[in-house]
Amino acid sequence: MSLSVIVLAAGKGERMNSKKPKVFHHVGNHPMIYHVLDVAKTLNPTFLSIILSKKLTSLKTEINQKYKKVLFAIQQKQLGTADAVNAAFNNKNICQSDVTLILYADTPLISNQTLKKCIAKFKSKKMDLCILSMRPKNANHSYGRLQMVGSQLKKIIEKSELQGDQKKNEFCNSGIMIIKTDLLSKNLKRIDNNNNKKEFYLTDIVEIMSEANFKVGCEECGFVETLGVNDKTDLSLVEEEFQIQARKNFLKQGVTLIDPDTVYFSYDTQIGKDVVIHPNVYFGPG
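As the structure is a prediction and not an experimental result, all values here were calculated from the model. (Residues numbered from 1 in each chain as written. Predicted model: local features only at pLDDT ≥ 70, side-chain atom pairs only at ≥ 80, totals over all residues. Heavy atoms only, no water.)

*Asks:* Could you clarify how one ought to interpret the overall build of the protein chain in this entry?
*Replies:* A count of helical and extended segments in the protein chain gives seven helices and 13 strands. Its C-alpha radius of gyration of 19 Å places the protein chain within 12% of the 19 Å reference for a compact globule of 286 residues. By principal-axis analysis of the C-alpha atoms, the protein chain measures approximately 60 × 45 × 40 Å. Within the protein chain, the fraction of its 286 residues that count as buried is 51%. Of all intrachain contacts in the protein chain linking residues separated by at least 6 positions in sequence, the fraction that spans at least 24 positions is 66%. Here the protein chain displays about 14,600 Å² of accessible surface, and carbon together with sulfur accounts for 47% of that area. Treating the 40 positive side-chain charges of the protein chain as one cloud and the 29 negative ones as another, the clouds have centres 5 Å apart. (Helix = DSSP H or I, 4+ residues; strand = E, 2+ residues; numbered from the N terminus. Rg over C-alpha atoms; globule rule 2.2 N^0.38 Å. Buried < 20%, exposed > 50% of the residue type's maximum accessible area, 1.4 Å probe, protein only. Contact = heavy atoms within 4.5 Å. Areas by Shrake-Rupley, 256 points an atom, 1.4 Å probe, with all protein chains shown as cover. Lys, Arg positive; Asp, Glu negative; His and termini not counted. Charge placed at Lys NZ, Arg CZ, Asp CG, Glu CD.)

Right, dumping it as structure tokens:
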């Protein structure tokens, strides 16, 4: 089964209130988009495509210095996630893959293990589309809700479209999906923008395919891995979770942390077992 990965990185990021593009803000001293690309590469995709906006085309050179064999596509206007994914198909090579995994450059905590588990379920259950799902820790969130009938996922309802009891549903969409490439290409054309924001929602493909009797399901993962970043508050929460996980990993590896909550690591920090780290220590990159 050949795999293509599409990483959506064209968001405006206006709520970051920064001159730096959102996806280049750091978590563990590593740009968010690089966290996602690093994980994507561990899956050995046949094609790895990044979707940028016209304003972010200058980033291609910087990304190419670190990731040599990535494809780039430009979303000409910010018309929603379905429109962004559709831009990837301007490169016909994508169509040659059997399945496509869609990731987000502002969701840097997603793990190789979770993605492999999702892909494995997609294959074993012979699905046409599999959504990575989760349950947020609190009710104040912007995630779309999953409407299930047995094991079949019928539709995803965006927060702005929720009505009545739909708002009580805790089963939510992470945005990440794996789908047969030919079905993705065909059904993107069937998505319209008849919604409050007048955008083309990729999530609409779930209802389109389910109504056409394709096998649509989901694989649940922990909420933390799906944390997305929209503003600096979100960024601080993701950094906090990154550090919590790093501390746990080093403790398991035999490192002694006298006061774990006061030690901060970078994405590439390496420590041997039986090393003792005292309080208030910060490891920079390298």
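*Asks:* Hey, could you run me through the layout of surface pockets in this one?
*Replies:* If you roll a probe as big as a water molecule over the atoms, it shows you where there is empty space left. The space that makes up the second largest pocket amounts to roughly 840 Å³. Leu109, Phe242, Gln245, Ala246 and Asn249 are the residues nearest the centre of the second largest pocket, which is lined by 24 residues in total. The set of elements that each furnish at least two residues to the lining of the second largest pocket consists of helix 1 (32-42) and helix 7 (232-252). By residue number, the principal contributor to the lining of the second largest pocket is helix 7, which donates eight residues. Across the lining of the second largest pocket, the residue classes tally to 11 nonpolar, nine polar and four charged. (1 Å grid on protein atoms, 1.4 Å probe; cavity = no way out; pocket = protein on both sides within 12 Å on 5 of 7 lines; lining within 4 Å. Points joined across faces, edges and corners; volume = space filled by probe spheres on them. Nonpolar A, V, L, I, M, F, W, Y, C, P; charged D, E, K, R; others polar.)

*Asks:* It is not clear to me how the pairing of strand 5 (residues 129-134) should be interpreted in this structure. Could you clarify?
*Replies:* A regular strand places its side chains so that they alternate between the two faces of the sheet. Among the six residues of strand 5, six are classified as buried, and the element is accordingly described as predominantly covered. Side chains of strand 5 alternate between two faces, with Leu129, Ile131 and Ser133 and Cys130, Leu132 and Met134 buried alike.

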